[in-house]
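Chain and residue survey
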4 protein chains.
Amino acid sequence: MIVILKKNTTKDQISQFSDQMKEIGLEAHTIVGEAHTIVGLVGDTSQVDIDHLRDMEIVESVQRIQEPFKKANRRFREEDTVITLENGLKIGGGHFQVIAGPCSIESEEQIVSVAKAVKAAGATLLRGGAFKPRTSPYAFQGLHSRGMRFLLQAKETTGLPIVTEIMDAAHLPLFEEVDIIQVGARNMQNFELLKHLGQVKKPILLKRGLANTLQELLMSAEYIMASGNEQVILCERGIRTFETYTRNTLDLSAIPVLKRLSHLPVIVDPSHATGDADLVRPMALAATAAGADGLIIEVHNDPAHALCDGAQSLTPDEFVTVMNMVNAIRPYAETYKRDM
Amino acid sequence: MIVILKKNTTKDQISQFSDQMKEIGLEAHTIVGEAHTIVGLVGDTSQVDIDHLRDMEIVESVQRIQEPFKKANRRFREEDTVITLENGLKIGGGHFQVIAGPCSIESEEQIVSVAKAVKAAGATLLRGGAFKPRTSPYAFQGLHSRGMRFLLQAKETTGLPIVTEIMDAAHLPLFEEVDIIQVGARNMQNFELLKHLGQVKKPILLKRGLANTLQELLMSAEYIMASGNEQVILCERGIRTFETYTRNTLDLSAIPVLKRLSHLPVIVDPSHATGDADLVRPMALAATAAGADGLIIEVHNDPAHALCDGAQSLTPDEFVTVMNMVNAIRPYAETYKRDM
Amino acid sequence: MIVILKKNTTKDQISQFSDQMKEIGLEAHTIVGEAHTIVGLVGDTSQVDIDHLRDMEIVESVQRIQEPFKKANRRFREEDTVITLENGLKIGGGHFQVIAGPCSIESEEQIVSVAKAVKAAGATLLRGGAFKPRTSPYAFQGLHSRGMRFLLQAKETTGLPIVTEIMDAAHLPLFEEVDIIQVGARNMQNFELLKHLGQVKKPILLKRGLANTLQELLMSAEYIMASGNEQVILCERGIRTFETYTRNTLDLSAIPVLKRLSHLPVIVDPSHATGDADLVRPMALAATAAGADGLIIEVHNDPAHALCDGAQSLTPDEFVTVMNMVNAIRPYAETYKRDM
Amino acid sequence: MIVILKKNTTKDQISQFSDQMKEIGLEAHTIVGEAHTIVGLVGDTSQVDIDHLRDMEIVESVQRIQEPFKKANRRFREEDTVITLENGLKIGGGHFQVIAGPCSIESEEQIVSVAKAVKAAGATLLRGGAFKPRTSPYAFQGLHSRGMRFLLQAKETTGLPIVTEIMDAAHLPLFEEVDIIQVGARNMQNFELLKHLGQVKKPILLKRGLANTLQELLMSAEYIMASGNEQVILCERGIRTFETYTRNTLDLSAIPVLKRLSHLPVIVDPSHATGDADLVRPMALAATAAGADGLIIEVHNDPAHALCDGAQSLTPDEFVTVMNMVNAIRPYAETYKRDM
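About the criteria used
Residues numbered from 1 in each chain as written. Chains lettered and ligands numbered in written order. Predicted model: local features only at pLDDT ≥ 70, side-chain atom pairs only at ≥ 80, totals over all residues. Least-squares fit on C-alpha atoms with pLDDT ≥ 70 in both. Axes fitted to C-alpha atoms, helices over the stretch in contact; angles between N-to-C directions. Helix = DSSP H or I, 4+ residues; strand = E, 2+ residues; numbered from the N terminus. Parallel < 35°, antiparallel > 145°, perpendicular 65-115°, else oblique. Left-handed = near helix turned anticlockwise from the far one by under 90°. Contact = placed C-beta atoms within 7 Å. Domains from an automatic or database assignment. pLDDT = per-residue confidence, 0-100. Nonpolar A, V, L, I, M, F, W, Y, C, P; charged D, E, K, R; others polar. Pairing = 2+ DSSP bridges.

Topic: the relation of the copies chain A and chain C
Overlaying chain A on chain C yields an RMSD of 0.0 Å, the required transformation being a rotation through 180° with an accompanying axial translation of 0.0 Å. Seen this way, the second copy is the image of the first under a two-fold rotation axis. Residues of chain A ranked by C-alpha distance from the rotation axis are headed by alanine 286 of chain A, positioned 2.0 Å from it.

Given below as C-alpha cells:
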C-alpha cells in the first residue's frame, strides 16, 4: 500500500504516522520527493480500511498494491474452486455447465415442459424466476411461493438441479430445496443480503451489477465468503454502456481477468446481456471460446407469449443449435494457465 | 404508446393485436408505412407492461409517450408535494432545509457535539449513519443499534429531527423514532426494501443510484408510493462517470428535470457526490442556485479522525461559511414555474 | 419516422405541418391521443434532418424507424461488401484476414523483422504506426515520413500489404503506396478528415470511438461512403467503461449487430481493447467465434523495449500460438445468415 | 512517480533500472515489500513517457503523483491567466463574460439581428457557427466561407468580438479576423489540429470532449500551449452519461476542479449540455454560482425555424431574463481562493 502525504507534512507528523502504522502491524518506509512524501506500507494490508487512511489530515491519496479481497483471491488459493452440487454435478476447474430455462416461472406446465426440453438438448441445470426484480411496480413480479412449488416440481420430474433468484433474505425458507441461489445484478451490493447468504450452505450465483467493476464484484463475493460461505459462482451478464442496439454490453474480457484474479468459477449470461435472441448464439460461442466455466441461457417454449423477457428467449429448437455449436467449439477454447 | 410492427406482419395479425389491446382498454390506430406498420395506442397506458408488448411476435419495438410513473408524476398532481415533519418543519414547495451531520455515528459525544454545532449554524435536520453500506466486508460497518441510541440522544438534546439510512427492512423496529428514513444509492433498486417502506408512515429520502437514470429514480419512488407511502424526497448525490478527480459527478440538471416531471421535493448531497470537502461549498451554492429544495451536507467535528468519509466532511466552521453563502444566494435562485 | 406533437397543438398547425411534409415527399398520418398527437411520416426519411424536425415549435419528440444511414445499410444492399486489395487479398464475405505488427514503427530493422515474423506465422497484412495520436504532447509521436519509408521497405521485403493510421488529410501524399488507411478511434468523428478520405481510392479501416455508439460508427462510415469511397472496414477496438483492470472494454456483440445492420466487413482489435498481452489470446478467440471478418493484433519483436504500447504487444512466438488457436476455432465460428 | 515492480524482479534488474532512471535525471528510491518492490522516482517527471515505463519488462504498474501537464498547471503558475481581446475585453481572473448567439449562421440578416439583440441584453461576445460538426453527412453542415462573411458583418455592425468553431486547420485563412477560435468537443483530441492552433496568435476556446476526463482536457490544452499559444479558455459543455432526459450531463464540479488544477479561465455552455431551452436558465445560474468565468449561450431570433439546435436556443427575451438573473447572482458566487 502506498500513501502519498500532503506537501508541508512535517517530520514529526511523518514519524507519528509511522508509529500508528506499526500499531496495526505495518512497516512504513518513507521517500521524500520534491513536492510530496511517499510512504510504502509493508505487511498484510488486505484488511486495512483504505478510506480511513485517506481521511487522515496529512494524507493526499492512497493506492493499494495488494488487492482488497482475500478469500476470493487467486494469490492466496492457487487451485480453481470447484462447486459440487448434491447430484454430483461440478462447476469450475474444467467442468463446464449450461443452465437453461425461462426468465419467469409462469405455470407448472410451462416450467416442466421447458425443463424437459432443455434437458433433452443437453442443459445440466434448470433456471426460472419466482421473484422478479422489475423497474416498474406495475410489471409482473413473479409467482412467488407458488412459482417455487412449480420449479421444485420441474426439478423432481427431470432431475435437473435448479437455480433461482432471491430478493429478500426473509424469503430464505422457500429456498431450502434450491440447488444454487442467484443474486441479481441490482442486488450485487445489497450487503445485508450478501451477509445472510454467507450463512447459507448452498452455492451462490452472484451476478455483476450493471455499472460495477470487477473489483466490486469480487468484493461482493468476499462479503459472502467472509461470512462463511465459500461456494460462490461469478456471473458476467452485461454492463451498462452508451450503446443502445443491445440492452447491455457483454464484457467478455471479464472471464480471463476474473480467472487471473480469483479461483472462483465464472459463467456468462448472454441472454440478459444482449436482450436479443439473435445475439445469444454468437455471444454464447464467444464466451465459450474465451474460457467461461458455463453459460446461463433463457429458453422459453413460447417466447412470443412469455410474461417477461421473451425477446431474448430462445425456442427449444434454437437452444439445441446453440448447444451443438457450443459443444463443437469447446475443445478449442482458451483455458486458464497458472503461469498466465 | 407507439408500437412498431415487424415487416411482413399480416392484416389478420394486426386486427388480432387490435382486439387484444381493446381488451385492456386501449384503442389501436394503425399507420401502414413502406417498411413498417406503426400502431398508436390511445388510452391510459401507464400500467401497461411494456416488456410484455415488446416480446410479442409481431412487435419490433415499443416507445412510451406517457411517462411510466403515475403517482410521482407532475402531470397527475400539479402542486408541489410538501413534506411536514412532526415538529412542523416543511420540505418542498418553497420550503428549503439543510440536513447536516457526520457520515457515521461514532459515539454519543461525537454525534451530540456535531448536532449542536450544525444547529447553531442553521441546519434544521441532523444526519448520521448507524448502518453503513461499505464496499468491503472488512471496513467499518457502523454502530448499529448502539448508534441509533446515540442519534436519538442527539435528537433529544437538540430538538433536531433526524435522518438515517436503512439497509434491511428487518431493522425497521429500530427506526421508530427516526423522522426521515434514507435509502442509499446502492439500494435504490432494492425493490423488496422499497415495498416495505411503502407501508411505513414516515418520509423516505430516496437517493439516486450511481448509474441510474432519473426515470429509474422516479420508478423507485413510484414503488414506495404505489405501496402506500406518498412522502418521498428525491436526492441527487452524484453519478458514476469517467471522471476521476471527483468521486462521482453531481448532476445538477437533475433538479429542474425532476421538478418538471414530478411534484416531489428534490434535495442535493454535494458531499458524497464530490468526495472532497473543498468542492462542497461551490456545489452547494450551485445546487441552491439551480432550485434545489434542500441540501444534505457532511459535517464532522474532527474530519481527520472520522471513521468514514472524513475527506469530504466539513468542519463546523467551514459549515457556517457554507450556510451563510447558501442563505445569501437563495433569494436569487431558480424557482420552478408551472408553465415551464 | 414518428413525430410526437406537443399538447395544445391546434388542428390548423397540424394541417400546416402535413403540408410541409408533403413538400419534402412524405405523407403525414395523424393519430389523436388523449394527451398527445402522434404523426407517422411515410416515405423515404433517410435524408430528413431529424434535428430540424425536433426544433419545430409544435414538436415534442421525433423517433426514427428507418436507420439514418443508407449506403452502409444492409437493408439497401443485402450481400456482404468484399474488399479486394491490389495483391488480390480479400476481406469480408467469408474472407478472414489477420493484420499484425508493432504499434509504432521504430526503425527499418524493427519493422522489417516484425513483418517477416508475422508473415511466417500466417498474418496476411502488416500494421505499424508512423503518426501516433498520444494524449500527451510530450510522448513519442511517431517517426512520420521516415517511419512511412521504413514501412514501405517492409512491404517491399515481405510482400505484405500495409495498414497505417492517418491523422491529418494534409499528410495524404505520404499514403500513396499504403494499402489500407486507418482512422483512429479519436478521429472517428473528425468529419473533415472523413470527407477527405471519401475522395481517396483506397480501403479505409474505421475504428470505433471510445465512447461512440454503433450507430455513430455507421454514420461515420456513411460520411466516407457518401463522399464517394465505399470501401470501408469497421473495427471494434474497445469502448470506455468504468472497468479499470482492462484499458477499454471490448464489445464483441458489436460484431453480430454490425453485420445485421450493415454489409461492411467487421474486424476486431483485441490489443488496444484490453491493453494487456495476456488478454489478447482469449479475446482473439472470442472475436473469431463471434464471427469477425478479421483481427488486428500488435506484435513486437521486443515488447519490453517498445516505444509505445509494449504491455499489450505479443512476441512473435506468442503470436504463432494465437494464430494456431484462431485457425483451429474458425470452422466452428458463428456465420452471418441473411434470415437472421 | 511511483513504479511497482513485478514479483521476482532481481536485485540486478532493480539496480539496472535505477541507472536508467538516473540517465533521465531521476533518483530511484526502492522499498522492498513482501510481494512487490516499490520504486519512488524523485525529480521532474512531467515529461516522462509513462507508457514507456509501463511497458518495461519488470514493471507491473506506474502511478503519477505530479500531474502530467505543466504549462496549464496551477502549481507552476499561481496567478490566474487573463485573456485580453483586441477590443480590451478580459476573460478570467475575476472578469466574467457572456458569449451568446445562434448555433448556426443562417443569413446576414439573422446573425446581425441576433447580434444586436444579445448585445442589448448585455452579452459581450457573439458566437455563431459557419462550420458545423454533424453526426450525419446529410445534415446541414454550415454556410462555410459565406457564413464567415456574415459573421464578420455582424462583428462590424455591433462591435462585438466573435467566437466561431474551426474543424480543419486548412480553413485557418478564413479565421484571420475571428477573435476567439473554438475547438468543438469532437475535436478535443484532434491532436494535429491542436498543434496547428498552437501556432496561432489568438485565444482558443477548447471544449471538453463528450467522454473525456478533466485531465485529458488539460492535456489537450497542454498541446496548444506546448506548441506556443498560451491563450486557452477551457469550456465545460456536458458529458455523455446514461441519462436521457438531458442531451448530456453538465459537470459543474469541473469548474472548481479545473480552477484548482489550472490557472486557465473556465466557462460553461449550458445550451449544448442540456439540449433544452427550459434548462438553460437554472444551469446558467448554477454555473455562475459555482464560480465560472463566463457562459456561452445559444440565442436565436426564431428558435422554431433554426437550422440547427433550435430546441436548446433561447429567444432574445428569454436571454434578457437569464442575463438579469445571472447578474443578480454573481456577487454571491464562489470565488477561487489560492489557499483552497
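A closer look at the packing of helix H9 (residues 277-289) of chain A against helix H7 (residues 254-261) of chain C
Close contact between H9 of chain A and H7 of chain C brings their axes to 9 Å; oriented N to C, the two are set at 135°. Taken together, H9 of chain A and H7 of chain C sit at an angle that is classed as oblique. Judged by the twist between their axes, the crossing of H9 of chain A over H7 of chain C is right-handed. On the side of H9 of chain A, the interface is formed by Asp278, Leu279 and Pro282 of chain A, while H7 of chain C contributes Ile255, Pro256 and Val257 of chain C.

Some remarks on the domain arrangement of chain A
Examined at the domain level, chain A breaks down into domain 1 (2-63) and domain 2 (74-332). Here the C-alpha centroids of domain 1 of chain A and domain 2 of chain A sit 42 Å apart.

Focus: the packing of helix H3 (residues 108-121) of chain B against helix H4 (residues 144-158) of chain B
All names here are of chain B. Two numbers describe how H3 lies on H4: the axes approach to 9 Å, and their chain directions differ by 35°. For the pair H3 and H4, the sense of crossing is right-handed. Contacts between H3 and H4 involve Glu108, Ile111, Val112, Ala115, Lys116 and Lys119 on the former and, on the latter, Phe150, Leu151, Gln153, Ala154, Thr157 and Thr158.

Regarding the confidence of the model for chain A
Summing up the model confidence of chain A, the mean pLDDT is 93 and the portion of residues at 70 or higher is 99%. The ipTM for the predicted assembly is 0.93, set against a pTM of 0.94.

Focus on the interface of chain A and chain C
Each partner contributes residues to the interface: chain A has 36 residues there, and chain C has 36 residues. Looking at the side of chain A that touches chain C, the elements that each hand over two or more residues are helix H7 (254-261), H9 and helix H10 (316-329) of chain A. It is H9 of chain A that provides the largest number of residues to the side of chain A that touches chain C, a total of eight residues. Residues of the side of chain A that touches chain C, tallied by class, amount to 23 nonpolar, eight polar and five charged.

A closer look at the pairing of strand E1 (residues 2-5) of chain C
Residues and elements named next belong to chain C. Summarising the sheet, E1 and strand E4 (residues 59-63) pair through four bridges and their orientation is antiparallel. Within E4, the position partnered with valine 3 by the bridge is valine 62. Inspection of the sheet shows E1 paired to strand E3 (residues 37-42) by four bridges, in the antiparallel sense. Residue isoleucine 4 lies in a different strand from E3, and its bridge partner there is isoleucine 38.

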